[in-house]
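Examination of the molecular architecture
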Amino acid sequence: MGKEFRGTIADQPDFDAGSDAEALYNAMKGFGSDKEAILDLITSRSNAQRQKIRAAYKSQYGKDLIDDLKYELTGKFERLIVGLMRTPAYHDAKEIKDAIKGAGTDEKCLIEILASRTNEQIHNLVAAYKDAYGRDLEEDVIGDTSGHFRKMLIVLLQGTREEDDVVSEDLVEQDAQDLYDAGEAQWGTDEAKFIMLLGNRSVTHLQLVFDEYEKIAEKSIEDSIKSELSGDFERLMLAVVQCIRSKPMFFAKCLYKSMKGLGTADNTLIRIMVSRSETDMLDIRECFRLRYEKSLYNMIQDDTSGEYKRTLLKLCGGDDDIAGEFFPEAAQIAYKMWETSSMTKVQLRGTVRPYQNFDPASDAKALRKAMKGFGTDEDTIIDIVTQRSNAQRQEIRRIFKSLLGRDLMADLKSELSKNLERLILGLMMTPAEFDAKMMKKAMEGAGTDEHSLIEILVTRSNQEIQEMCAAYKNAYKKSLEDAIASETSGKFKRILISLAQVHLHNACNSESDDMEDKFMSILCTRSFPHLRRVFQEFVRCSNKDIEQIIKKEMSGDFKNAMFAIVRSVKNQPSYFADRLYKAMKGLGTDDRALIRIMVSRSEIDLFNIRKEFKETHEASLHEFIQVEMLVVSCVFLLIHTACICACVTLVRSDEKRVV
C-alpha cells in the first residue's frame, strides 16, 4: 500500500486542461485581470495538472502562461502564483539560483531546501538547474560558500543518503558513540565525522542513532551540535537533524519564524507553502498548532492580506484551532516530545555568578560614593549590583548598614528612578523578598495581574514557595493565602491557593467528577517528572493534545493557569522565553514582567532562556531588548539596556566584559 496522502492540494476531478487554459486566458485579457479567478483555478489543480494547463495554453494561444502571469500580476501574489506553476524541481532550482546570485548569499534558503529534499528530489533539482541556467549547481555552490558549511552542502547535493528501509542495527550504537567521540568526548570537534554520518545514513537509522546518543551523552544531539559547531554550519546540521526527526515539525518552525514579529519573510513563506502543499501540509499544520498553540491558518490570516493571503489560505487548506485530536504524524511527534522531555537531563545555567574577588566593604563604600553629592553615578551602581550574586548583594547590604549606618535599599530608592530603580532594588532583594513583592504588586490597586500570579506560583519550587510565603507574611503582616483569597475568586482562586500551599492536596478535590477539579487535583500536586510521563501517556491513550483540550474545554484565568503549568512542565525556559517575548512585542513594553523574569531567573536558568528565545524568535534576547528599548526612548535604552545586558552578562559595548 502507498503512503497516505497528506497534502492539501490534489488532482481536480473531471480535469480539462484546454478549458482551464481558456479560463486563464480570459481572466488575463483586456484591461486588468481577474485575480480571484486565477487563484481559484490554480490552487484547485495539482502541479501535474498545472503543467498540462501550461502546455495547452502554449498550444492554444502560442504564448507562455508563466510569462503572461508575470505580466498581469505583481508583487508577492505574482511570486506565489508563478511558483505554483513551475514543477517542484524547477521551483527549487529557481530558489537556489536566487539564493546564490548577486553580492550576498541566502544561506537559509540553501539550508532549508538541501536539508529537506529526498534523493530523487535532489537529483531532479540538479538536472533542472543545469537545464534552466546551463550551469553546474555543485560548482556554483562551491563558488559561493566555504568551510564545513560548503562540504556538508556538497554531500547533500550528491543525493546518496541511504534509503529509509536501510537500518544497520549493528552500527547504531557505534555511530552514536562515534558522534559522541567526535564532539562531546574531546577537545575540539571532528566535523568530518558529523558530515559523513548525518549526510549519508538513512533517516530511520539516524533516528535510532539519536536515541542511542542521548543515552550516551545524557543530552540531545541538537544540544551537542549547538555547543560544538557554529555559524551556518551549525544551522545546517541542526536543520538536517530536525528533518530527520520530523520534516513537518521542521517546516512548521520555519513557517512560524517567517511570520512572527514585525514584517514577514515572504520568500520563505511562499517557498514552503508551494513546495509542501502536495506533500505533508496537513502534518505541518498539526505540528504548527502543537508547538505554537495557534493554527497556521490563523497566523497566515493575521500576517498577510489581499489575494496573496487568499492564495496562501487555500494552500493551507483549513483551520485546525477547532480540532482536538492529532493527525498521525503529529501524535507520534507529541508522544516523542514528552518522552524526550521526561528523559533529557537539562543543565540549567544562570548568567550571574559569584564575583571572584569579592570585597563587601569595598563594594559598600563604592556604592555610597556613587550616590553622594550632586547626581548619581548610575554606571558604577549597575556594574557592582549586576556582577555580584544575590548572596553577595545581601552581604553588601549588611556591611553597608554596619559600616556606614545607612540602609542601602533606602539610599538606592532615593537616588534612582523609574524602571532602573525597580530593577536595581529587585536585584538587591533576596529571591523570596522579591517574589513576595511581585505577588503584592500583582494584587494591589484596582485590578489584579493574574498573569504575574500564575507565572510566579507555577514556576517556583516547593522551597521557593515556602520562603516566599514567609517573606510575604513578614513584610505585609498577612498570609499570602489570605491575600490570594481576598483578591481572586472561583476555581482560579482554588488553583492559586493550591499552588501556594506547596503541593498539598487539601485545596483540590480529587474525588470530584468535574473535569476542572480532576485536572486541578493532578496538575497542582504531582511532580514535574511525573506529569511529563502523564502527558506522554495521555497522547498515547487518547490521541489528543493536552494543551488543546485545556484551550478548548476551559476558559478565563483558570485556563491560563492550567496552560502555564503544562508549558512549564514541558520546558520551563521556553515558557519564560515566551513570557519575555510577549512582554516586549507590539506597542509598549510590560516592564514589570520584563524586570521580574530577568531578576528572578538571572542565577537559575537565564542562559537556557536566552537559548530558547533565540531558537524560537531568531533574534537574541539582547538584540530584542535593544530594539524594544530604542522604540521606547533612546535615553531609556542607554540606562535600561546597560542594566539588562549586565543581568544577562552579555558583552557590553566596550567588549571587555564577557560571561
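Remember, predicted model here, so these are calculated numbers, not experimental data.

What counts and how
- Residues numbered from 1 in each chain as written.
- Predicted model: local features only at pLDDT ≥ 70, side-chain atom pairs only at ≥ 80, totals over all residues.
- Heavy atoms only, no water.
- Phe/Tyr/Trp six-rings, centres within 6.5 Å; stacked < 30°, edge-to-face > 60°.
- Helix = DSSP H or I, 4+ residues; strand = E, 2+ residues; numbered from the N terminus.
- Buried < 20%, exposed > 50% of the residue type's maximum accessible area, 1.4 Å probe, protein only.
- Lys NZ or Arg CZ within 6 Å of the ring centre and 35° of its normal.
- pLDDT = per-residue confidence, 0-100.
- Contact = heavy atoms within 4.5 Å.
- Axes fitted to C-alpha atoms, helices over the stretch in contact; angles between N-to-C directions.
- Parallel < 35°, antiparallel > 145°, perpendicular 65-115°, else oblique.
- Left-handed = near helix turned anticlockwise from the far one by under 90°.
- Nonpolar A, V, L, I, M, F, W, Y, C, P; charged D, E, K, R; others polar.

Remarks on the packing of aromatic side chains
Under the counting rule described, the total for this entry stands at 14 aromatic pairs. Centre to centre, the rings of Tyr256 and Tyr292 are 3.8 Å apart; their planes meet at 5 degrees, and the pair counts as stacked. One end of the pair, Tyr256, is in helix α16 (residues 247-259); the other, Tyr292, is in helix α18 (residues 281-292), with 36 residues separating them in the sequence. With respect to class, Tyr256 is no different from Tyr292; both count as buried. One aromatic cluster is present, formed by Tyr25, Tyr57 and Tyr61 through successive ring pairs. Lying across the ring of Tyr133, Lys97 places its NZ or CZ 5.5 Å from the centre.

Description of the confidence of the model for the chain
On average, residues of the chain carry a pLDDT of 87, and 88% of them reach 70 or more. Confidence over residues 503-510 falls short of pLDDT 50; this stretch has 22 contacts with residues more than four positions distant or in other chains. With pLDDT under 50 throughout, residues 648-659 is counted as low confidence; its partners more than four residues away or in other chains account for 25 contacts.

Quick notes on the packing of helix α10 (residues 147-157) against helix α12 (residues 191-200)
Where α10 contacts α12, the two axes come as close as 10 Å, and the packing angle between them is 25 degrees. If you check the angle between α10 and α12, you find them roughly parallel. Relative to α12, the crossing made by α10 is right-handed. Along its contact with α10, which presents His148, Lys151, Met152 and Val155, the element α12 presents Glu191, Ile195, Leu198, Gly199 and Asn200. Looking at side-chain class alone, the contact of α10 with α12 contains 4 nonpolar, 3 polar and 2 charged residues.

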